Amino acid sequence: MITYMTLPQHRVLKWNVTYYDRPDLEVAPGYWFVAPYHLNQGEPKTNRWTPCQIGPYIFDYKGDLVWAGSCEFNNQNVYDFQMVETIDENPYLTMLVQENFANRESDGSAIIYNNEYKLVYSMPRPGAAIDNHEFYLKEPPNALLITHKNEDMTLADFGHPERQLGIRTNGFIELDINTGKYLFEWFSSDHITLDESFILNPNDRFPDVDYLHMNSVDKSANGDYLISARHTNAIYLISSQDGQIIWRLGGKKSNFEMDFQFTGQHNARFVSQNSTHITISFLDNGATFIAVNEPTSSAMYVELDLLTMKARVLNRYMRPDGGRSPARGNMQTLPNTNVLVSWSYYGYMSEFSHDGQLLMDASFASERFSTYRAYKFPWHGRPAHAPTLLSSCYGVNGSIMSTVLHVSWNGATDVQRWRFFARANANAVDREIGEVAKKGFESSFIARGFMDWVSVQALDSEGNVLGASGVSRTEPPEYWPGSVSGLVPDDPDAVHSEESVQSPARSGAFAGLFIGFVVSSIGYFCYPVIRRLAPLVQLRYSCDGTYEEELGLMKEKV
């Protein structure tokens, strides 16, 4: 985990990232959108302090932090965290936030943020009606969400019409997020029989009643709906006219002739469609928690011929490490036709060229965390809050001082440089004391002297000011004794003027460095001889206390 001076409440996940050199192939530009979690059900509330670790995060292509949203959501689990730009041609963040599992009043909320990281929409989820799998704004303001409820159903499909069992059924809704009006609602119990399930066995002592387990819903250009159900190993096309099942792909009642199989799949999406053919994409997990049907997980594009009712694989992307993801994950088609696949566990994800060449692998350094899905999007974050600046001074006996400044701007994507300022006193004008290139999430700058009343500007690639911090004070380190606590800050004008006077001498800097190198080399080789002669020489120090004070301060620091 990584801790930042300017983000002290967070413990940010580190990444292990590998890029593969492929001639004439490149990864797609963009940022990674993930939401690490530890326990899928959420953790019970306690009085202990817990650093912010789980929740929504944005990282760049190197795995460097861009935005940490964990504390903003009280360290609660977040699912399906992604970007959409179909609302009003501006980028937005959407996610499902899970409330505390042990003391919940609801499962959480569907959330939309703008690119200033301000809340623009929150839909409280009534009871347990909406689950954590899908919040998809494909055609805003309409959103697709998956629902679930418990129903008492007969076991007639298993030959026991006299028996009833409480079954967890699924459905989905399409609603207008502006009005909250349901535009379409569908329930599985009206259309998918219990015997399609591979997980429900009524003869078990404690049957698994989650017979369907829907995990995605999409909408086609003509208005029909595509759903994925991992416990039936099937993908369904649902009519928008009457809710009837138009066809099944996979499972026990597939309508297509297939030369492949899939198990426990996730994230079925329309890719293209015409009157005779449909192409879809999805993640084939290849396994569930109770069954393993394939040696490794994969992602695939599948073409469905609606005339011959045959299905064939167009492209398949195998999990590079040969492992299996028995739950969760997704497949995303990127704008340049590359494919990003989240294998979910430990944040493991891969980017492939469209023809299947592996371009990138990444995973969390910690195996304590996973993410439900992972996405890659272009993103321009312009936080409404100001950059965060921290400053502290260091030195010996107050005569040789340096000021160290740390700066970050949580969520900002367009910052290229930081410009620092200081004042001689609270009412003085700002004086520029330096400028550095942005490096990673948090950048540092060391200024000569004791600089106080400091501030910073964030600059873009053309030198335009994107934002600025407020003025903050610089405090001496806590380990300093009280005798130096009353230090007077340096005047940045004076320090700057002194440096300006000395600047012509910098033309001889190379000569000075060379002389220093020669002298230090002589000292290095002569040191053994001098050490042997040292006892013959009596060294004396002045009695003004300076040396003792310096030694004392150095000990305090150590």
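Residues numbered from 1 in each chain as written. Predicted model: local features only at pLDDT ≥ 70, side-chain atom pairs only at ≥ 80, totals over all residues. Heavy atoms only, no water.

By the naming in an unreviewed UniProt entry, the chain goes by ASST-domain-containing protein and is assigned to Penicillium nordicum.

Digging into the overall build of the chain
Secondary structure summary: the chain contains 3 helices and 37 strands in total. Expressed as a percentage of the 558 residues in the chain, the buried residues total 50%. Considering only contacts within the chain whose residues lie at least 6 apart along the sequence, 57% involve residues at least 24 apart. Total accessible area on the chain stands at roughly 27200 Å², and carbon and sulfur atoms take up 52% of it. (Helix = DSSP H or I, 4+ residues; strand = E, 2+ residues; numbered from the N terminus. Buried < 20%, exposed > 50% of the residue type's maximum accessible area, 1.4 Å probe, protein only. Contact = heavy atoms within 4.5 Å. Areas by Shrake-Rupley, 256 points an atom, 1.4 Å probe, with all protein chains shown as cover.)

A word on the packing of aromatic side chains
For any pair of aromatic rings, the description consists of the separation of the ring centres together with the inter-plane angle of the planes. Within this structure, the stated rule accounts for 28 aromatic pairs. Pairing Tyr-301 with Tyr-317 gives two aromatic rings, centres 6.1 Å apart and planes at 80°, and the pair type is edge-to-face. Taken together, the residues Tyr-301 in strand β23 (residues 298-305) and Tyr-317 in strand β24 (residues 310-318) connect sequence positions 16 residues apart. Exposure class is identical for Tyr-301 and Tyr-317. Each is buried. With centroids separated by 5.4 Å and ring planes inclined at 45°, the aromatic side chains of Tyr-317 and Phe-352 adopt a geometry described as tilted. Of the two residues, Tyr-317 is situated in strand β24 and Phe-352 in strand β27 (residues 349-352); the sequence distance between them amounts to 35 residues. (Phe/Tyr/Trp six-rings, centres within 6.5 Å; stacked < 30°, edge-to-face > 60°.)

Comments concerning the pairing of β23
Extensive coverage of β23 is indicated by the burial of 8 of its 8 residues. Residue alternation in β23 divides its side chains into two sets, Ser-298, Met-300, Val-302 and Leu-304 and Ala-299, Tyr-301, Glu-303 and Asp-305, and both sets are buried. Sheet analysis places strand β22 (residues 277-284) next to β23, joined by 8 bridges and oriented antiparallel. Residue pairing across strands places Thr-279 opposite Glu-303, the latter belonging to β23. The pairing of β23 with β24 spans 8 bridges and is antiparallel. For Ser-298, the partnering residue across the bridge sits in β24 and is Met-318. Hairpin connection between β23 and β24: a loop of 4 residues separates the two successive antiparallel strands, and Met-309 in this loop has a positive phi of roughly 55°. (Pairing = 2+ DSSP bridges.)

Re the sheet that holds strand β21 (residues 266-273)
The 5 strands lie next to each other as β20-β24-β23-β22-β21, forming an open sheet whose pairing is mixed. This sheet does not close on itself; its edge strands, each paired only once, are β20 (257-258) and β21. Bridge count between β20 and β24: 2 bridges; the pairing is parallel. Bridging from a neighbouring strand, Met-258 pairs with Ala-311 of β24.

A short note on the state of the cysteines
Scanning the model with the defined rule gives 1 disulfide in all. A sulfur-sulfur separation of 2.0 Å characterises the disulfide bridge that pairs Cys-52 with Cys-71. The S-S bond linking Cys-52 to Cys-71 shows a torsion near 105°; that makes this disulfide right-handed. You can see Cys-52 sitting in the loop between β5 (36-37) and β6 (57-59) and its partner Cys-71 sitting in the loop between β7 (65-68) and β8 (78-84), a full 19 residues away along the chain. (Disulfide = S-S within 2.5 Å.)

Thoughts on the environment of Leu-487
Tracing the sequence through the fold places Leu-487 in the loop between β37 (465-468) and α1 (492-502). Classification of Leu-487 by relative accessible area gives partly exposed; the value is 25%. For the pair Leu-487 and Glu-475, spaced 12 residues apart in sequence, the C-alpha separation works out to 9.7 Å.

Quick word on the pairing of β37
Where strand β36 (residues 452-459) and β37 come together, 3 bridges link them in antiparallel fashion. Within the sheet, the bridge partner assigned to Ala-458 lies in β37 and is Gly-467. If you look at the hairpin formed by β36 and β37, you'll find 5 residues sitting between the two strands, and Gly-463 has a positive phi there, around 85°.

What to know about the sheet that holds strand β26 (residues 339-342)
Strand order in the open sheet formed by 5 strands is β3-β28-β27-β26-β25, with antiparallel pairing between adjacent strands. Where the open sheet ends on each side, the last strands, each with one partner, are β3 (15-19) and β25 (330-333). Taking the axes of each pair of neighbouring strands and ignoring which way they run, one obtains an average angle of 10° across the sheet. With 4 bridges joining them, β27 and strand β28 (residues 358-364) adopt antiparallel strand pairing. Looking across to β28, one finds that Ser-350 is bridged to Asp-361. (Axes fitted to C-alpha atoms, helices over the stretch in contact; angles between N-to-C directions.)

Thoughts on the nonpolar core
Residues Phe-172, Trp-186, Met-214, Ile-227, Tyr-236 and Ile-238 are the most contacted members of the largest nonpolar core, which totals 25 residues. Secondary-structure elements contributing two or more residues to this core are β13 (142-155), β14 (160-176), β15 (182-187), β16 (214-219), β17 (225-229) and β18 (234-238). Setting aside residues up to four positions removed in sequence, Phe-172 forms contacts with Leu-145, Ile-146, Thr-147, Phe-184, Glu-185, Trp-186, Met-214, Val-217, Tyr-225, Ile-227 and Ile-238. If you look at the next biggest cluster of nonpolar residues, it comprises 22 residues, including Leu-13, Tyr-57, Leu-334 and Phe-364. (Core = buried A, V, L, I, M, F, W, Y, C linked by side-chain atoms within 4.5 Å.)

Section: the pattern of salt bridges
Tallying each qualifying case throughout the model produces 22 salt bridges. One salt bridge in this structure joins Arg-382 and Asp-414, with 2.8 Å as the shortest N-O distance. Here Arg-382 is found in the loop between β30 (375-377) and β31 (388-396), whereas its partner Asp-414 is found in the loop between β32 (400-408) and β33 (417-423), with 32 residues between them in sequence. The exposure class assigned to Asp-414 is buried, which follows from its relative accessible area of 16%. (Salt bridge = Lys/Arg side-chain N within 4 Å of Asp/Glu carboxyl O.)

Details of unusual backbone geometry
Peptide bonds are mostly trans, and most non-glycine residues show a negative phi. Of note, the amide linkage connecting Pro-140 to Pro-141 takes the cis form, showing an omega dihedral of 10°. One can find Pro-141 in the loop between β12 (130-139) and β13. The backbone of Asn-75 sits at a positive phi, close to 60°, despite the residue not being glycine. If you trace the backbone, Asn-75 turns up in the loop between β7 and β8.

Re the confidence of the model for the chain
A residue-level look at the chain finds 83% of positions with pLDDT of 70 or above and a mean pLDDT of 86. Every residue in residues 101-106 scores below 50 in pLDDT, and together they form 9 contacts with partners more than four places removed in sequence or on other chains. The low-confidence segment residues 500-558 (pLDDT under 50) makes 11 contacts with residues lying over four places distant or belonging to another chain. (pLDDT = per-residue confidence, 0-100.)

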